[in-house]
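Here is how the chains run, residue by residue.
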Amino acid sequence: MPVSHEAGWAHADGALQGPSWLRVPADVNDLVPLLWSATAHKNADGALVVGGVDLRDLVAGHGSPAYVLDEADFRARARGFAEAFADYDVFYAGKAFLCTTVARWVAEEGLCLDVCSAGELTVALRAGFDPARIGYHGNNKTTGELRRAVDAGVGRVVLDSFHEIDRLAAVAAETGRTARVMVRVTAGVEAHTHEYIATAHEDQKFGFSITSGDALEAVRRVQDAAGVELLGLHSHIGSQIFDTSGFEVAARRVLTLHAQVSSELGVTMPELDLGGGFGIAYTTQDDPADPAQLATEITKIVEHECRAFDVPVPALSIEPGRAIVGPAMCTVYEVGTVKEVGLDAGASRTYVSVDGGMSDNIRTALYDANYSCTVASRRSEAPPVLGRVVGKHCEAGDIVVKDEFVPGDIAPGDLLAVPGTGAYCRSMASNYNHALRPPVVAVRDGRSTVVVRRETEDDLLRTDVGASDIG
Ligand code: LLP
């Protein structure tokens with residue numbers, strides 16, 4: 001029979017220690033700076049302050065849960081990439097998180113924008129983003145979507161299949177416009193990341209395989225197509241990658257093809273895009289490289305390969321999403337219930353239920369991702385206990401933070417903040433269980449501004465045709 005222990009891990013026989021990487025904090029109130037946006041700190045009350053805003057005030061004004069976006073941090077990370085990769089075009093990958101305000105910040109910091117759907121294109125254009133600085137991705141773009149992209153004057157369309165080459169050529173003929181394109185290739189690299197977010201090994205849906213010869217054939221067909229201008233090759237090996245050797249192998253393979261196009265087809269492609277995927281720290285296990293280090297290493301690899309193949313170095317571009325917006329946001333929740341659950345061997349785990357969950361952060365359930373958290377509303381002198389932060393959805397897998405030490409006196413009404421939720425949390429949020437998606441509140445210099453408002457129950461009913469009584 002499982003036995004529960006009131007005093008938690010410190011007193012339990014066979015105490016649950018959590019995963020091997022998780023360390024008992026010296027002080028459970030402290031932030032691990034690497035995981036948080038640059039302005040985040042605890043004040044004298046022990047409350048979390050981001051962008052000069054005490055999150056207790058933010059929740060009082062805007063409710064909970066809320067995504068808190070540190071504007072200065074976002075801009076600094078965007079600028080950091082632009083400066084480190086000064087000779088490159090840096091495309092912010094909007095799939096990580098996009099709204100009109102963020103699109104404007106991206107433009108103001110001098111970055112280009114990668115969109116991968118008609119919806120993202122709509123947001124970018126509504127923000128007034130220069131279409132010439134937009135790249136359009138996707139593995140199944142319809143003729144209608146391609147027409148819209150070409151009509152809008154997007155700077156480049158990244159082609160992903162032979163069907164798309166034909167569709168785009170037809171659109172170019174119909175509109176009389178020239179479409180500038182890149183050819184997405186798969187470099188056959190097994191990036192060390194979750195299978196669903198690795199994209200350059202062979203057995204997946206993206207791009208043209210270099211190994212099979214499809215990539216060279218795609219380049220040939222693009223060259224032959226009227227109204228389509230070939231800019232170069234595009235390679236994206238996956239996401240949340242720390243090991244630059246993945247980029248090294250991919251760059252070598254892609255540049256082999258780049259050189260082959262030059263020697264066999266007599267075509268010198270002016271550009272090359274190496275994609276995004278640069279990892280961030282979600283927990284103390286992660287040790288991301290900074291943009292300057294990435295820039296130095298990637299540029300060295302490309303220059304070395306170009307020298308070896310005796311081809312000019314093409315104009316380079318990259319597409320970071322997560323590394324810009326990921327650490328710039330945290331999610332603040334309110335604790336609703338706390339339950340100590342007895343496990344085998346006398347150990348127990350403290351389940352902390354918050355007022356959100358897998359509808360605002362699906363990454364834990366989907367990718368087995370690890371997150372961290374801190375109490376955001378007060379200091380605690382209680383000894384830490386091993387906690388698990390769960391949501392309020394009807395599913396046992398509704399976990400936000402699998403393993404983290406939380407104060408032993410954590411209680412309903414406490415605010416809890418989870419760092420590193422800027423990328424692929426709001427953008428992958430759902431209305432599961434008819435949850436209302438939280439707002440994104442930008443904070444800067446002590447002021448908070450809603451940039452995406454909280455959904456309302458009217459929003460939920462708006463598409464429900466039977467709910468015609470809703471005005
Ligand atoms: N470029 C292309 C072509 C991409 O497909 C992606 C991400 C990026 C750039 C940006 O990658 P980043 O720098 O953000 O890692 N939902 C998953 C990640 C999916 C990534 C999809 N493509 C997650 O939550 O981890």
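Refer to the structure printed above.
The following paragraphs examine the structure supplied in this document. All values reported here derive from a predicted model rather than from experimental measurement. (Residues numbered from 1 in each chain as written. Predicted model: local features only at pLDDT ≥ 70, side-chain atom pairs only at ≥ 80, totals over all residues. Heavy atoms only, no water.)

**Some thoughts on the sheet that holds strand β3 (residues 53-54)**
Spatially, three strands are ordered β1-β2-β3 in an open sheet, and the strand pairing comes out antiparallel. Looking at the sheet topology across the chains shown, the edges are occupied by β1 (41-42) and β3. With two bridges connecting them, β1 and strand β2 (residues 48-50) associate as antiparallel partners. Its bridge partner being in β2, H41 is matched across the sheet by V49. (Pairing = 2+ DSSP bridges. Helix = DSSP H or I, 4+ residues; strand = E, 2+ residues; numbered from the N terminus.)

**A look at the site of the ligand**
As a structural note, the neighbourhood of the ligand is formed by 19 residues, with S239, E319, R363, Y367 and Y424 the closest of them. K95 has a polar side-chain atom sitting 3.3 Å from an oxygen atom of the ligand. At 2.3 Å, a side-chain N or O of S239 approaches an oxygen atom of the ligand. Each of two domains, domain 1 (9-63 + 328-460) and domain 2 (71-325), supplies a minimum of three residues to the shell around the ligand. (Near = heavy atom within 4 Å. Polar contact = N/O pair within 3.5 Å; in protein donor to acceptor, adjacent residues only side chain to side chain. Domains from an automatic or database assignment.)

**Quick notes on the packing of aromatic side chains**
According to the stated counting rule, one finds nine aromatic pairs in the structure shown. Taken together, the ring pairs in this structure connect F81, F85, Y88, F247 and F278 into an aromatic cluster. Over the aromatic face of F91 sits the side chain of R156, whose NZ or CZ is 3.9 Å from the ring centroid. Taking the ring centre of F162 as reference, the NZ or CZ of R221 above it sits at 4.1 Å. (Phe/Tyr/Trp six-rings, centres within 6.5 Å; stacked < 30°, edge-to-face > 60°. Lys NZ or Arg CZ within 6 Å of the ring centre and 35° of its normal.)

**So, helix α8 (residues 244-265)**
For α8, spanning 22 residues, the distance from its first C-alpha to its last is 31 Å, which sits close to the expected 32 Å at 1.5 Å a residue. Restricting attention to buried positions, one finds in α8 the residues T244, G246, F247, A250, A251, V254, L255, L257, H258, A259 and V261. Elements that come into contact with the buried residues of α8 comprise β9 (179-186), α7 (214-224), β11 (228-235), β12 (271-273) and α9 (291-309). Looking one or two residues past α8, G266 carries a phi angle of roughly 65 degrees, positive in sign. (Expected span 1.5 Å × (residues − 1). Buried < 20%, exposed > 50% of the residue type's maximum accessible area, 1.4 Å probe, protein only. Contact = heavy atoms within 4.5 Å.)

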